[in-house]
Structures are given as C-alpha cells and as structure tokens.
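# Breakdown of the fold
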Amino acid sequence: MTFSTLSFIFVFLPISLLVYHLIPSGKSIWRKAALLLFSVLFYVWGDAPSLVVLLLSVLFNYLSGQEIRMLSADARDGMRRKAAVITAVVVDVAVLGIFKYSRLTLPVGISFYTFSALSYIFDIYFGRVKDDGDLLDEMLYILFFPKLISGPIMQYKDFREQLAQQTAKNRYFTSGMHRFIIGLFKKVLLADNLSTAFHQISSLHQMAGLTAWLGMIFYSLELYFDFSGYSDMAIGLAEMFGFRMEKNFDYPYLSDGVTDFWRRWHISLGRWFRDYVYIPMGGNRCSREKQFRNLAVVWILTGLWHGNTLNFLFWGIYHGFFVILEKFAIGQKRLSIPKWVRVFLTDLIAFIGWIFFFTPSIGAAFRYIGQMFGADGLGFANRASAYYLTSNLVLLIVAVICCGPLLTRLHDALVYRGSKNAMYVSVALHVGLLLFCIANMVGATYSTFLYFRF
C-alpha cells in the first residue's frame, strides 16, 4: 500500500485515525497498541512475505538493546558492551547487504527500517535516551507506518521523547492535513506526469542533445517531487497522529553549493550519517587528512545505501568529490561568484548525478551524457526535441515554480495576513486540490514511489 492510492485515502487512513483518536489520551498503551496494529497491517498490505524479516529485525535489535542497557549498569562491562554494539551493527548491515547485493527479493523499506534500528542501538549505547526497555515502544518506533517504508529516518531519541509525552495533539491535525495534501499534489500531479514525460524520452534509442537534456531535467524534477511529496505525506500523517517530524527537504534546487544542497536534500539521511558515522569518526574536530577520510567514508556509504550497482557507488564518490573540493579547495572563494551562477552550477552537478540513478550501468550513464552533447549525430535539436519541449512546457514551468517557496509564501500571506475570510479560501483551495488529485488518481494507472527501490 502507498499513500497515493484510493484504498489508503478512503479506507485505511480514516479508519486508523478514527480508532486512534477515539481511544482516550490517558490510555496511552492502548493507543500505542492500536497504532502498532495499523502499522503492521499497512506493511502486510504492501509486502506480506517480508513481514517475517521485518519482525525478526525488530526482535533482534530489541534484545541487543536490552543487552547493551544491562551492560551499561556496570562500568566494568565496557568491552562487552562495545562488543554487543558491534555485533548488532554487523548483523543489521549484513542482513541489509545480503538482500541488497544478492538476487533475493528486496523487502520493502529495508534500507529505512534498518537505519531506524541502528539509531535505536546507537542512542541506547551513547546514552542519548532514558529508555526503560519497553518492547512496545521499540516496535512502534521502527514500525510506525508513516515513516516505515521510505522515511523520513526519525532518530529514536526524538521519537522516544514524543512518545513519553504523547497525548492527542489536535493542534497538529490541521497542519498535518495541509502537508499531506501538498505532498499528494507533488506526487500525483507533478511527479507522475514528469515520469510519463521522462519515460517517453528514455525509451528512445537515439536522441538529439536537447532531448537528452530534457530527459535529465524531467527525471531530476520527478525524483524531487516524488520523494519530497512522499516525505510531506509521511510528515503530515505523523502530525495527524500527534507526532512531529522534521522536514526532509528544504528547496534543495535553490542551493548555492553542493554542501548546501546536501543540507537541504534528504535531510534525515544526512543527519543520520552525521550523528552516527561522521561525528563519531571525528567529524571536523581533527586533522584535514582525517576530515577528508571521514567525508570519503560517509559518501561511499551513502552511495552503497542507495543501491546495489556500481552506479550508486560511483554516484556517492561523485558527490563526495564535489563536497570535498568545495570544503578544502574552493571554500569562501565561491562567494565571489554571483549567486544565480552558484545555484545553476549546483543544480547542474546534482542533475548530472541523477543520470547514474536512472541508467542501468556506468557505461550507459556516460553514453547518456554523451547524447546530451550530440554523440548520436542528430544535432542539438530536432522535431522530437521540439515536441517533448512544447508538449510538456506548462508542466515544466509549474514544476520549476514549485521548486521554490513562491506558492507557499503566497498562501501564507493570504491566510495569516489576509482578511478573516482568507482561512475559508485556504480550506476551499485545499479541498479543491485534494479533489483534483483524486480525480487524477481515478483515471491514472498505479504508480509507486521511486525511493521504494532503494
């Protein structure tokens, strides 16, 4: 099951919300149990055969956390405690690697729930959370359905703090609905239509340079709206149940540097690598050589986390190279370049990097890059280029506008600084947008989320 399906919006979501909010806020254990049950049903609906792998992961990490917690009580057990952590990490990473790098069917969401499980282990080990070892809490943290399949990767200490204070936070409900509808709009009306345009181009064996450029742009925009749309829906759903998650995207295509881009794109993943890999290795508080090493390790791991082909490893090294170059060689010198140029160059680096996501091999990726510069001998533009540009021009313009905060600022200005009737206008706009999305979902074929592959 995915968030952008009629069965989720009209069956699963209203039933789960109704049951959850009908349980009195004082009966927290029953609320947790209900939310856990719905989370299991959500996963089973989408990938029932993989439920065993998920539950075994939950049980193994719970027992590992219990052992680490027990050993923490005695300072003399430091080595055994460290060994328990290393064992848990090795097993989790090994299971993830076996599924990612073999011919076994990849369980839905394994990359995300494995990182959640590791966050649970690390936060207990580093003493970042005062945890009483409640199995229900740990299960709900990993299985919480808004973030289970494709993030955002909420760290255990953040989830546990909210769980300890959990009541029916109805003030989050409206903002959650707003964020969910915006995410649905990004997915259904932007990402899915951009996907259609991209697949028309990617099916061509030969193409003019402009056609190849358009294909790269369509995919880059599709990936952004697909994943940020999913993240918005996930965050909105969490808010409907009274939980707050940090934003996962912050207009990344407005970044004026590669480092800035990765502070804005998939923020929860970057934070995970920062807190659990980069900083424990020394972060910035070490020699330049070790900083270089730390960044290289993080970007190699980032590439490996995303996929099981050399393309993803190359993609991680590619971005790591530009991050290291910007940090150690360019530095503040880049500020002398006009900002619009910095934004353009950053997007160019990011867009070219996405080519390694949608091509099957490194050779195919470089062949595609060659096509962008006329390698097929069809010139820069032809009739096909004109067709793909003109037939998708309105979609392209709307997508580019939605990459920035313009529409959000206009909405906020209307609602928060407008007349008393502005709120009703906002509600009408959201209802209209929701109905428009549903109308498109009724007439469209099923479309999953791109990041389900990773």
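Just so you know, these numbers come straight off a predicted model, no measurement behind them.

Summing up its helical and strand segments, the protein has 20 helices and 0 strands in all. Considering only C-alpha atoms, the protein reaches an extent of 70 × 60 × 45 Å along its principal axes. For the protein, buried positions account for 52% of its 454 residues. As displayed, the protein offers around 21,300 Å² of accessible surface, 67% of which is attributable to carbon and sulfur atoms. Taking the average location of the 41 positive side-chain charges in the protein and that of its 28 negative ones, the two points are 4 Å from each other.

Tallying each qualifying case throughout the model produces 60 aromatic pairs. Look at Tyr125 and Phe126: their rings are 5.1 Å apart centre to centre, the planes differ by 70°, and that puts the pair in the edge-to-face class. Note that Arg31 overlies the ring of Tyr20, its terminal NZ or CZ placed 4.5 Å from the centroid. A cation over a ring is seen here: Lys147 above Tyr141, with NZ or CZ 4.4 Å from the ring centre.

Ranked by size, the top nonpolar core spans 125 residues in total, and within it Phe3, Phe8, Phe225 and Trp354 carry the most contacts. Per-domain counts for this core show at least three residues from each of domain 1 (6-168) and domain 2 (174-443).

With that out of the way, let us pick up the side chain of Asn311. For Asn311, the position within the fold is in helix 14 (residues 310-330). For Asn311, a relative accessible area of 2% translates into the label buried. Polar contacts involving the side chain of Asn311 include one to the main-chain carbonyl oxygen of Thr359, which spans 3.0 Å. Ignoring anything within four residues of it in the chain, the contact list for Asn311 reads Phe356, Thr359, Pro360, Ser361 and Ile362.

A few words now on the packing of helix 10 (residues 209-240) against helix 16 (residues 362-372). Helix 16 packs onto helix 10 with a crossing angle of 125° between their chain directions and a minimal axis gap of 7 Å. Considering their axes alone, helix 10 and helix 16 lie oblique with respect to each other. Across from Gly209, Thr211, Ala212, Trp213, Gly215 and Met216 in helix 10, the residues of helix 16 making contact are Tyr368, Gln371 and Met372. Looking at the contact of helix 10 with helix 16, its residues break down into 5 nonpolar, 4 polar and no charged.

On the surface, Leu6, Phe10, Val11, Ile15, Val19, Trp45 and Val442 cluster together into a nonpolar patch covering about 620 Å² of accessible area. Element by element, the count of residues in the nonpolar patch is highest for helix 1 (residues 6-22), at 5 residues.

All right, on to unusual backbone geometry then. A cis amide bond links Gly151 with the next residue in sequence, Pro152, at an omega value of 0°. Its location among the elements puts Pro152 in the loop between helix 7 (145-148) and helix 8 (156-164). For Tyr251, which is not a glycine, the phi torsion comes out positive at approximately 50°. Along the chain, Tyr251 turns up in the loop between helix 10 and helix 11 (258-264). Here the phi dihedral of His266 falls at roughly 45°; this positive angle occurs in a residue that is not glycine. Relative to the elements of secondary structure, His266 occurs in the loop between helix 11 and helix 12 (267-278). On the basis of relative accessibility, which here comes to 2%, the residue His266 falls in the buried class.

When the domains of the protein are assigned, the result is domain 1 (6-168) and domain 2 (174-443). One C-alpha centre belongs to domain 1, the other to domain 2, and the line joining them spans 27 Å. Opposite the 37 residues of domain 1 that make contact, domain 2 presents 32 residues. For the pairing of domain 1 and domain 2, the buried interface totals around 3,200 Å² over both sides, and the portion due to carbon and sulfur atoms is 70%. Taken together, domain 1 and domain 2 are joined by 1 salt bridge. Across the salt bridge formed by Asp158 and Arg271, the nearest N and O atoms sit 2.9 Å from each other. Remark: the boundary between domain 1 and domain 2 carries 17 residue pairs in polar contact (both at pLDDT 80 or more). Broken down by secondary-structure element, the contributors of at least two residues to the side of domain 1 that touches domain 2 are helix 1, helix 5 (110-125), helix 7 and helix 8. Broken down by element, the side of domain 1 that touches domain 2 gets its largest block of residues, 9 residues, from helix 1. Considered class by class, the residues forming the side of domain 1 that touches domain 2 number 22 nonpolar, 9 polar and 6 charged.

Now for the environment of Gln165. Following the sequence through the fold, Gln165 ends up in the loop between helix 8 and helix 9 (171-202). A residue is classified by how much of its surface remains accessible, and Gln165, at 58% relative accessible area, is exposed.

With the rule as written, the count across this model stands at 0 disulfides. Of all cysteine sulfurs, the one in Cys403 lies closest to Cys402, which takes part in no disulfide; the gap is 7.6 Å.

For the rest of this paragraph, the subject is the pattern of salt bridges. All told, the structure shown has 17 salt bridges when counted by the stated rule. In this structure, Asp232 and Arg179 form a salt bridge, with 3.6 Å as the shortest nitrogen-oxygen distance. With a gap of 53 residues between them, Asp232 in helix 10 and Arg179 in helix 9 connect regions that are remote in the sequence. Relative accessible area serves as the criterion here: at 27%, Arg179 is assigned to the partly exposed category.

Right, let's talk about helix 5 for a bit. End to end, helix 5 covers 22 Å across 16 residues, agreeing with the expected 22 Å (1.5 Å per residue, within 8%). Among the 16 residues in helix 5, 16 count as buried, and that is most of the element. In the stretch just after helix 5, Gly127 is the one whose phi turns positive, near 70°.

Parameters and conventions
- Counting restarts for each chain: residues are numbered from 1 in the order of the written sequence.
- Restriction of local features to residues with pLDDT of at least 70 applies here, the model being predicted, together with a cutoff of 80 or more for giving and counting side-chain atom pairs; totals for whole chains, interfaces and linings are based on all residues.
- Side-chain measures here rest on the full set of heavy atoms in the structure, leaving out hydrogens and waters.
- Only DSSP runs of H or I reaching four residues or more are called helices, and only runs of E reaching two or more are called strands; each is numbered from the N terminus.
- Each residue is placed in one exposure class: buried if its accessible area under a 1.4 Å probe, protein chains only, is under 20% of its type's maximum, exposed if it is over 50%, and partly exposed if it falls in between.
- Working definition of accessibility: Shrake-Rupley area with a 1.4 Å probe, residue cover restricted to the visible protein chains.
- Counting rule applied: Lys, Arg positive; Asp, Glu negative; His and chain ends not counted.
- Charge coordinates come from a single atom per side chain, which is NZ of Lys, CZ of Arg, CG of Asp or CD of Glu.
- Any two rings among Phe, Tyr and Trp, with Trp reduced to its six-membered ring, count as a pair given centres within 6.5 Å; such a pair is stacked if its planes are under 30 degrees apart, edge-to-face if over 60, and tilted if neither.
- Whether a charge lies above a ring is judged from NZ of Lys or CZ of Arg, which has to be within 6 Å of the ring centre and within 35 degrees of the ring normal.
- Among the buried residues, those of types Ala, Val, Leu, Ile, Met, Phe, Trp, Tyr and Cys that are joined through side-chain atoms within 4.5 Å form a nonpolar core.
- Bear in mind that the domain bounds are from an automatic or database domain assignment.
- The term polar contact refers here to a pair of N or O atoms within 3.5 Å; inside protein, the definition further demands a hydrogen-donor-capable atom paired with an acceptor-capable atom, and it admits residues adjacent in sequence only when both atoms are side-chain atoms.
- Residue contacts are counted whenever heavy atoms from the two residues lie within 4.5 Å of one another.
- Each axis is a line fitted through C-alpha atoms, and for a helix only the stretch in contact is used; angles between axes span 0 to 180 degrees, taken between their N-to-C directions.
- Oblique is the label for every angle not falling under 35 degrees (roughly parallel), over 145 degrees (roughly antiparallel), or within 65 to 115 degrees (roughly perpendicular).
- When residues are sorted by character, Ala, Val, Leu, Ile, Met, Phe, Trp, Tyr, Cys and Pro go into the nonpolar class, Asp, Glu, Lys and Arg into the charged class, and all the rest, Gly among them, into the polar class.
- Only residues whose relative accessible area exceeds 30% and that form no salt bridge are eligible for patches; like-charged ones are grouped when within 9 Å, while nonpolar side chains (Val, Leu, Ile, Met, Phe, Trp, Tyr) are grouped when within 5 Å.
- One speaks of a salt bridge when a side-chain nitrogen belonging to Lys or Arg is within 4 Å of a carboxyl oxygen belonging to Asp or Glu.
- The buried area of a pairing is the accessible area, by a 1.4 Å probe, that goes missing from both parts when the two are put together, added over both.
- Disulfide: a pair of cysteine sulfur atoms within 2.5 Å of each other.
- Take the number of residues in a helix, subtract one, and multiply by 1.5 Å to get its expected span.

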